[in-house]
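Chain and residue survey
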Amino acid sequence: MKRLFGMFAAVSLLLAVAGCSSAYNLAQKLLGAWSSVPERLIDTDASSATIIETYAFSPLDSVKDGGLIQLTSLISVTGAVQGTPGISTPVSLTASGYATVSGKWTATSSEAVEITLDMSTLVVNVDPEAVLISTISDDVDNAVTEQLRPQFAKSVRNQLLKAATERYSGVMKLNDVRIIDDTTLKFKLNKNPYTLTRQPE
């Protein structure tokens, strides 16, 4: 009986060591920056936005199977605005911006990663100069649209801030993580498949 118990204990120890080794191997392979393909972030009758995300995994001396992460998102927005002061016709706008947020990550197994982002580090920026405004009428004074750029930029930023907060709050659990040829990262997040490409250092 003691011998059988000893065998079980040895097997359990081997499995634990193998599990830790597998998580460590994944953590080492993840290090670096990975960028996604464009994805729809906002899709309503009034506006739409696409997002390209870059996950930058870096090590942390005190954490064996994880480290720090910087998540950077490039966002493009198109939309229509009704009832704009000083403009009687509908307005279409195109804007671009970015969001950054940082936190920590841990490889929990050979194919799973948990990311916890610190929402106090979230920054969303929309450059007023990058806001393009167009109308269906040629009678609108360009000076009026120029004056409205900061207002539109602020409105777009508020919309993106809300979307980014909803997207990045809580623990992000990446499942079925696979790295192919050290160039492609595949995983599932909330049951949705993602494919990212390694970026040069």
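Here's what I pulled together on the structure shown here. (Residues numbered from 1 in each chain as written. Predicted model: local features only at pLDDT ≥ 70, side-chain atom pairs only at ≥ 80, totals over all residues. Heavy atoms only, no water.)

On to the nonpolar core. The biggest cluster of nonpolar side chains holds 46 residues, and the ones touching the most others in it are Y55, W105, V113, I115, L160 and F187. Examining the composition of this core, we find that 8 residues originate from one element, helix α2 (residues 142-168), more than from any other. Setting aside residues no more than four positions away along its own chain, F187 makes contact with Y55, L174, N175, D176, V177, N192, P193, Y194 and L196. (Core = buried A, V, L, I, M, F, W, Y, C linked by side-chain atoms within 4.5 Å. Buried < 20%, exposed > 50% of the residue type's maximum accessible area, 1.4 Å probe, protein only. Helix = DSSP H or I, 4+ residues; strand = E, 2+ residues; numbered from the N terminus. Contact = heavy atoms within 4.5 Å.)

What follows deals with the packing of aromatic side chains. A full pass over the atoms with the stated rule returns 4 aromatic pairs. A connected cluster of aromatic rings, assembled from ring pairs, spans Y55, F57, W105, F187 and Y194. Its end group placed over the ring of Y24, K64 keeps NZ or CZ at 5.7 Å from the ring centre. (Phe/Tyr/Trp six-rings, centres within 6.5 Å; stacked < 30°, edge-to-face > 60°. Lys NZ or Arg CZ within 6 Å of the ring centre and 35° of its normal.)

A regular strand places its side chains so that they alternate between the two faces of the sheet. In this sheet, strand β7 (residues 132-135) lies alongside strand β5 (residues 91-109) in antiparallel orientation, the contact comprising 4 bridges. What sits directly across from S92, in β7, is S134. As paired strands, β5 and strand β6 (residues 112-126) are joined by 11 bridges and run antiparallel to one another. Opposite Y98, over in β6, you have N125 as the bridge partner. Linking two consecutive strands that pair antiparallel, namely β5 and β6, is a turn of 2 residues. (Pairing = 2+ DSSP bridges.)

Moving on to empty space enclosed by the protein. With the rule as written, the count across this model stands at 1 cavity of 30 Å³ or more. Taken as a whole, the largest cavity holds about 30 Å³ of empty space. If you go around the largest cavity, the residues you meet are L41, I51, S73, I75, A99, L160, A164, R167 and Y168. When contributions to the lining of the largest cavity are tallied by element, the ones reaching two or more residues are β4 (63-81) and α2. Here the lining of the largest cavity takes 4 residues from α2, the largest share from any one element. Its residues assigned to classes, the lining of the largest cavity comprises 7 nonpolar, 1 polar and 1 charged. (1 Å grid on protein atoms, 1.4 Å probe; cavity = no way out; pocket = protein on both sides within 12 Å on 5 of 7 lines; lining within 4 Å. Points joined across faces, edges and corners; volume = space filled by probe spheres on them. Nonpolar A, V, L, I, M, F, W, Y, C, P; charged D, E, K, R; others polar.)

Here we take up the layout of surface pockets. If you add up the space inside the largest pocket, you get close to 230 Å³. Along its surface, the largest pocket is lined by 13 residues, and R167, M172, L189, N190 and Y194 are the ones closest to its centre. Every element with two or more residues in the lining of the largest pocket is listed here: β3 (47-60), α2, β8 (171-180) and β10 (192-198). Counting residues per element, the lining of the largest pocket draws most heavily on β8, which supplies 3 residues. Residue classes in the lining of the largest pocket are distributed as 5 nonpolar, 3 polar and 5 charged.

Side chains that differ in sign of charge can pair as their charged atoms come close. Overall, the coordinates contain 5 salt bridges when judged by the stated rule. Here D176 makes a salt bridge to K188, at a shortest N to O gap of 3.9 Å. Of this pair, D176 sits in strand β8 while K188 sits in strand β9 (residues 184-189), placing them 12 residues apart in sequence. Look at K188 and you get partly exposed, because its relative accessible area is 39%. Overlapping salt bridges, with partners in common, bring together E39, E53 and R167 in one network. (Salt bridge = Lys/Arg side-chain N within 4 Å of Asp/Glu carboxyl O.)

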